[in-house]
Amino acid sequence: MKENQDTVGLPEAGKPTIYERIKEGLAVASQLVIASPLKLPPKVVAVAKYLALALGVLEAVEGAAKDRREGDEE
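Heads up: these notes are all about the structure in this document. Note that the coordinates shown come from a computational prediction; the quantities given were computed from them, not determined experimentally.

With respect to the overall build of the chain
Helices and strands together make up the secondary structure of the chain, namely two helices and zero strands. Only carbon and sulfur atoms are counted for the fraction: they give 62% of the accessible area of the chain, which is about 6900 Å².

Rendered as structure tokens:
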């Protein structure tokens, strides 16, 4: 019987994960809604603004965690 030698859960170098692709897609969508020249309902624009804010906070937290991990390795 042939055994599977592939690693599981480790992304390839330079290849974005599904999480990163979804996060990037949400960021682009919220920016498009906010910058849209069309008259959109105020609730849609408000949701897009909160989504952009949440993604910005998430980026900051992930960046701080990454910096902390790199500092611990040294």
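Side note on the side chain of lysine 23
Checked against the element boundaries, lysine 23 lands in helix α1 (residues 18-34). Since its relative accessible area comes to 13%, lysine 23 is described here as buried. Among the polar contacts made by the side chain of lysine 23, one reaches the side chain of glutamate 59 at a distance of 3.0 Å. Apart from residues lying up to four places away in sequence, lysine 23 is in contact with Leu55, Leu58, Glu59 and Glu62.

Brief notes about the pattern of salt bridges
Summed over the entire model, instances satisfying the criterion amount to two salt bridges. Salt-bridge contacts for lysine 23 lead to glutamate 62; the nearest nitrogen and oxygen are separated by 2.6 Å. Taken as a pair, lysine 23 in helix α1 and glutamate 62 in helix α2 (residues 42-73) lie far apart in primary sequence, 39 residues in all. In the salt-bridge network here, residues are joined through shared partners; they are Lys23, Glu59 and Glu62.

A word on a nonpolar patch on the surface
Together, Tyr50, Leu53, Val57 and Val61 line one region of the surface with nonpolar side chains, adding up to about 440 Å² of accessible area. Relative to the helices and strands, leucine 53 is located in helix α2.

Observations concerning the layout of surface pockets
Any space left empty among the atoms is revealed by the rolling of a water-sized probe across them. Put simply, the largest pocket is a space of about 220 Å³. Taken together, Tyr19, Glu20, Lys23, Glu59, Glu62, Ala65, Lys66 and Arg69 make up the lining of the largest pocket. For the lining of the largest pocket, the element with the highest residue contribution is α2, accounting for five residues.

Regarding α1
The end-to-end C-alpha separation of α1 is 24 Å, in line with the 24 Å expected for 17 residues at 1.5 Å each. Regarding α1, the residues found buried are Lys23, Ala27 and Ser30. Seen end-on, α1 carries its buried residues on one side only, within an arc spanning 70°. With respect to the buried face of α1, the exposed residues turned more than 90 degrees away are Ile18, Arg21, Ile22, Glu24 and Leu32.

As for the side chain of serine 30
Position of serine 30 relative to the elements: it lies in helix α1. Judged by its relative accessible area of 3%, serine 30 falls in the buried class. Within polar-contact distance, the side chain of serine 30 engages the backbone oxygen of alanine 27 at 2.9 Å. Not counting residues up to four positions away in its chain, the partners in contact with serine 30 are Ala48, Leu51 and Ala52.

What counts, and where the lines are drawn
Residues numbered from 1 in each chain as written. Predicted model: local features only at pLDDT ≥ 70, side-chain atom pairs only at ≥ 80, totals over all residues. Heavy atoms only, no water. Helix = DSSP H or I, 4+ residues; strand = E, 2+ residues; numbered from the N terminus. Areas by Shrake-Rupley, 256 points an atom, 1.4 Å probe, with all protein chains shown as cover. Buried < 20%, exposed > 50% of the residue type's maximum accessible area, 1.4 Å probe, protein only. Polar contact = N/O pair within 3.5 Å; in protein donor to acceptor, adjacent residues only side chain to side chain. Contact = heavy atoms within 4.5 Å. Salt bridge = Lys/Arg side-chain N within 4 Å of Asp/Glu carboxyl O. Patch = residues over 30% accessible without salt bridge, like charges linked within 9 Å, V, L, I, M, F, W, Y side chains within 5 Å. 1 Å grid on protein atoms, 1.4 Å probe; cavity = no way out; pocket = protein on both sides within 12 Å on 5 of 7 lines; lining within 4 Å. Points joined across faces, edges and corners; volume = space filled by probe spheres on them. Expected span 1.5 Å × (residues − 1). Arc of directions from axis to C-beta.

So yeah, pure geometry; function would need other evidence.
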